[in-house]
Amino acid sequence: MKRLLTVQDISCLGKCSLTIALPVISALGVETVILPTAVLSTHTMFKNFTCKDLSDQIKPITDHWKSENVTFDAIYTGYLGTADEIDEMKKVFEEFKTEDNFIFVDPVMADNGKLYPAFDLAYAAKNAELCAAADIIVPNITEAAFLTGSEYREEYGEDYVKDLLKKLSQICSGVCVLTGVSLKPGMTGVMGYDVKTKEYYTYQNRRINAAYHGTGDLFSSVFVGSMLKGKDWRDAARIAADYTAHTIEVTLQNPKKPWYGVDFEATLPDLINS
Ligand code: PXL
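It should be emphasised that the depicted structure is a prediction, and the values quoted were computed from it without experimental measurement. (Residues numbered from 1 in each chain as written. Predicted model: local features only at pLDDT ≥ 70, side-chain atom pairs only at ≥ 80, totals over all residues. Heavy atoms only, no water.)

(A) View of the pairing of strand S10 (residues 187-194). Burial of S10 is extensive: six of the eight residues sit out of reach of the surface. Pairing of strand S9 (residues 175-181) with S10 involves six bridges; the strand directions are antiparallel. Within the sheet, the bridge partner assigned to Val 181 lies in S10 and is Gly 189. The antiparallel hairpin formed by S9 and S10 contains five residues in its connecting segment, where Gly 186 sits at a positive phi of about 80 degrees. As paired elements, S10 and strand S11 (residues 199-206) share eight bridges and run antiparallel to each other. Each residue of the ladder has a partner; that of Tyr 193, found in S11, is Tyr 200. (Buried < 20%, exposed > 50% of the residue type's maximum accessible area, 1.4 Å probe, protein only. Helix = DSSP H or I, 4+ residues; strand = E, 2+ residues; numbered from the N terminus. Pairing = 2+ DSSP bridges.)

Shown next, in the form of structure tokens:
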């Protein structure tokens, strides 16, 4: 069985980051080792959330793993709390990177043209350093704009997306995948660029008119989990996009209309059986 390390916060309530990555990647049949970066009472879209930073635990925990000769087939980072934590993560990458594994960075920090409440421009610049150490990065358009110092646009064509990918390729020399890319009315999906082969890949799926928290984490978890199950990055991106869209649709049918996260628990059997 492949073994993945994922490094993100625990938002105790809210269905995002580790409370999505752990169940979803495990369900895909990949051993999922976790390194929590912080414990929050909820994700940061709730008011008055509490937050206990755990950055000082990264080194002792990873030192212990090193002494046990632990290795990983992939390392997947999501929401990290502080710029210092990103520095710690860069060291973890150096410690655990091998010729056979890969580093998957979701530079979670922003959406809809804005940084999340906990972050500023200095954090965005630090996040670019993390992306530089990755084999595959999966920013959304807002994050890509912050990473590359580009203008954020709500309306755009393929040229804008290709330009963002080209700028991202100056940061990450592996595979850059932009998420939330709408190239046709009523459609959304991904556009990726393999820096080594200079090949693009585009996948568009129906756009569902609803925004839920944690869907980026769901997408990334299925993406990296599928890669560890042997899928090529393009197939993994398509599987992740289809599953995320399906889960949003199922969530919309829930009469209780949860606003803070998606009902991935209801759709996981579909993912496993597909
Ligand atoms: O889903 C990304 C995410 C993860 N963790 C925390 C967040 C967010 C997005 O806002 O607040 C704590």
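(B) Looking closely at the pairing of strand S5 (residues 102-105). Burial along S5 is two-sided: Phe 102 and Phe 104 and Ile 103 and Val 105, pointing in opposite directions, are all buried. Pairing between strand S4 (residues 74-77) and S5: four bridges, direction parallel. Bridged to Tyr 76 within S5 is Phe 104. Following the chain from S4 across helix H3 (residues 83-96) to the adjacent parallel S5, one finds a crossover that is right-handed. (Right-handed = clockwise from strand over helix to strand, strands pointing away.)

(C) Quick peek at the environment of Glu 129. In this fold, Glu 129 is placed in helix H4 (residues 121-132). As for Glu 129 and Leu 147, which are separated by 18 residues in sequence, their C-alpha atoms are 9.3 Å apart. Apart from the residues within four sequence positions on either side, Glu 129 is in contact with Asp 87 and Lys 90. (Contact = heavy atoms within 4.5 Å.)

(D) Quick peek at the packing of aromatic side chains. Enumeration over the complete set of coordinates arrives at 13 aromatic pairs. Measuring from ring centre to ring centre gives 5.6 Å for Phe 46 and Tyr 260, while their planes differ by 50 degrees; the resulting arrangement is tilted. Pair noted here: Phe 46 is in the loop between strand S2 (31-42) and strand S3 (51-53) and Tyr 260 is in the loop between helix H8 (233-252) and helix H9 (264-273), with a separation of 214 residues, a long-range link. For Tyr 260, a relative accessible area of 24% translates into the label partly exposed. Ring centres of Phe 104 and Phe 223 lie 5.3 Å apart, and the angle between their planes is 75 degrees; on these two criteria the pair is classed as edge-to-face. Within this pair, whereas Phe 104 is found in strand S5, its partner Phe 223 is found in helix H7 (residues 215-228), the two being separated by 119 residues in sequence. In terms of burial, Phe 104 and Phe 223 fall into one category: buried. (Phe/Tyr/Trp six-rings, centres within 6.5 Å; stacked < 30°, edge-to-face > 60°.)

(E) The packing of H7 against H8, seen in detail. It is at 8 Å that the axes of H7 and H8 come closest, and there the two elements cross at 145 degrees. You can see that H7 and H8 cross each other, and the crossing is right-handed. From H7, Thr 215, Leu 218, Phe 219, Val 222, Phe 223, Ser 226 and Met 227 reach across to H8, where they touch Trp 233, Ala 236, Ala 237, Ile 239, Ala 240, Ala 241, Tyr 243, Thr 244, Thr 247 and Ile 248. Taken together, the residues of the contact of H7 with H8 break down into 13 nonpolar, four polar and no charged. (Axes fitted to C-alpha atoms, helices over the stretch in contact; angles between N-to-C directions. Left-handed = near helix turned anticlockwise from the far one by under 90°. Nonpolar A, V, L, I, M, F, W, Y, C, P; charged D, E, K, R; others polar.)

(F) Looking closely at the site of the ligand. Every one of the 13 residues lining the ligand counts as a neighbour, but Asp 9, Ser 11, Thr 44, His 213 and Asp 217 are closest to it. With respect to the ligand, the side chain of Thr 44 contributes an N or O atom lying 2.5 Å from an oxygen atom. Here an oxygen atom of the ligand sits 2.8 Å away from a polar atom, N or O, in the side chain of His 213. The fraction of the free accessible surface of the ligand (310 Å²) that becomes covered by protein chains is 98%. (Near = heavy atom within 4 Å. Polar contact = N/O pair within 3.5 Å; in protein donor to acceptor, adjacent residues only side chain to side chain. Areas by Shrake-Rupley, 256 points an atom, 1.4 Å probe, with all protein chains shown as cover.)

(G) Structural detail: the packing of H3 against H4. Where H3 contacts H4, the two axes come as close as 9 Å, and the packing angle between them is 5 degrees. By the angle between their directions, the pair H3 and H4 is classed as roughly parallel. Residues Ala 83, Ile 86, Asp 87, Met 89, Lys 90 and Phe 93 of H3 touch H4, and the partners they reach there are Tyr 123, Lys 126, Asn 127, Glu 129 and Leu 130. Grouping the amino acids of the contact of H3 with H4 by side-chain chemistry returns six nonpolar, one polar and four charged. (Parallel < 35°, antiparallel > 145°, perpendicular 65-115°, else oblique.)

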